[in-house]
Structures are given as structure tokens and as C-alpha cells.
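Listed below, chain by chain, are the residues.
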Amino acid sequence: MPDTRNTDAAPAAVVRRVSVTPAAQALIERLRAEHGPLMFHQSGGCCDGSAPMCFGLGEFITGDADVCLGEIADTPFYMSRSQFEYWEHTHLIIDAVPGNGGMFSLERPTGLRFLTRSRLYEDAEWQVLEAQGRP
């Protein structure tokens, strides 16, 4: 698996909450060309398990119960605040793999699906995150 620390050309003093693999970035660019600006929301279960769901920007309504973790491939990535409480010590890596996407996610007809991988932050990264503030 590729090294995911400080990806998306982040300066060394910044630690990101979410990053993207080249495969996922290519799929995001493909979907953006077809659908326009996009957004992600990390599903918390229910119908589509815990898949990262891709929508047209603004097609999924976010509010005070959601946290924006950052951007991947110039696309905002959200998660519910309650789910973030469980995952705050992990860096999320969004990948694209063969399969069917979530029922309401834009990648569904492509033969690929987005997949969330994760890893725990190293101590030095956690210190930077604490200094950056939440999320």
C-alpha cells in the first residue's frame, strides 16, 4: 500500500484527515467530467454499509451534525460528527476498486466503487492534528 502521510501535496507541517489514492483520484475526475462539482459523505452504515458516498455538490444536505474532514481531489469530504468521534484517531484513505458502488453513489454504474481504508495516526502526526484543532 502506498505511503499516505501528508498526501495531496500537503506541506510537512499539515496533517490531513483524508487522502486519496491515484485510482480514486482518476475516478473522481471521471465523475466530475460527467456530473460537475462533487462531494463525499462517509456512510455510517444502513443500506450501503460504511462506503464513502459520492454525490453532486449540494445533493446531499449537510448540517451541524456533519464535519468536513477536508478535500480529496478538490472535492469536500464529510462525515457525521458522531461517527467522527469514533474515527478521529485514524487517517482515511479513499481508494477505488472493482465492484458496485453504493446505491445512491455516482460511481455505481462505472464498475468501480469507492472504498475507505484507514490507518492510525503516528504520535507526531497526532500532535500536529491537536495543534491544528478539530476536525
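Note that the structure is predicted; figures quoted are calculated from it, not measured. (Residues numbered from 1 in each chain as written. Predicted model: local features only at pLDDT ≥ 70, side-chain atom pairs only at ≥ 80, totals over all residues. Heavy atoms only, no water.)

Novice: For this particular structure, what's the right way to read the overall build of the chain?
Specialist: In terms of regular secondary structure, the chain is built from three helices and seven strands. For the chain, the α and β elements follow one another from N to C terminus as β-α-β-β-β-β-α-β-β-α. Among the 135 residues that make up the chain, the fraction classed as buried is 45%. A fraction of 58% describes how many contacts in the chain between residues 6 or more apart in sequence connect residues 24 or more apart. Surface accessibility of the chain: about 7200 Å² in total, with carbon and sulfur atoms responsible for 54%. (Helix = DSSP H or I, 4+ residues; strand = E, 2+ residues; numbered from the N terminus. Buried < 20%, exposed > 50% of the residue type's maximum accessible area, 1.4 Å probe, protein only. Contact = heavy atoms within 4.5 Å. Areas by Shrake-Rupley, 256 points an atom, 1.4 Å probe, with all protein chains shown as cover.)

Novice: I keep staring at unusual backbone geometry and nothing clicks. Help me out?
Specialist: Most peptide bonds are trans, and most residues other than glycine sit at a negative phi. One non-glycine residue with positive phi stands out, namely Ala-73, at about 50°. Note that Ala-73 resides in the loop between strand E4 (66–72) and strand E5 (75–80). The exposure class of Ala-73 is buried, given its relative accessible area of 14%. With a phi close to 60°, Asp-74 is a non-glycine residue in the positive phi region. By secondary structure assignment, the location of Asp-74 is in the loop between E4 and E5.

Novice: Before we go on, may I ask you to explain the side chain of His-41 in this structure?
Specialist: The topology assignment puts His-41 in strand E2 (residues 38–42). Among the polar contacts listed, one links the side chain of His-41 to the side chain of Asp-66, at a separation of 2.7 Å. In this view, His-41 contacts Ala-51, Pro-52, Met-53, Phe-55, Phe-60, Thr-62, Asp-66, Tyr-78, Met-79 and Ser-80; residues no more than four positions away in its chain are not counted. (Polar contact = N/O pair within 3.5 Å; in protein donor to acceptor, adjacent residues only side chain to side chain.)

Novice: Honestly, the pattern of salt bridges in this entry has me stumped. Any pointers?
Specialist: A pair can form between side chains of opposite charge whenever their charged atoms are brought close. Enumeration according to the criterion identifies two salt bridges in this entry. Note that Asp-95 is salt-bridged to Arg-117, the shortest N-O span being 3.0 Å. Of this pair, Asp-95 sits in strand E6 (residues 90–98) while Arg-117 sits in strand E7 (residues 112–120), and the two are 22 residues apart along the sequence. According to the relative accessible area criterion, Asp-95 is buried, its value standing at 11%. Among the residues examined, Arg-117 registers a relative accessible area of 28% and is labelled partly exposed. Residues Arg-119 and Glu-125 are paired through a salt bridge, measuring 2.9 Å at the closest nitrogen-oxygen approach. By relative accessible area, which is 17% here, Arg-119 ends up buried. (Salt bridge = Lys/Arg side-chain N within 4 Å of Asp/Glu carboxyl O.)

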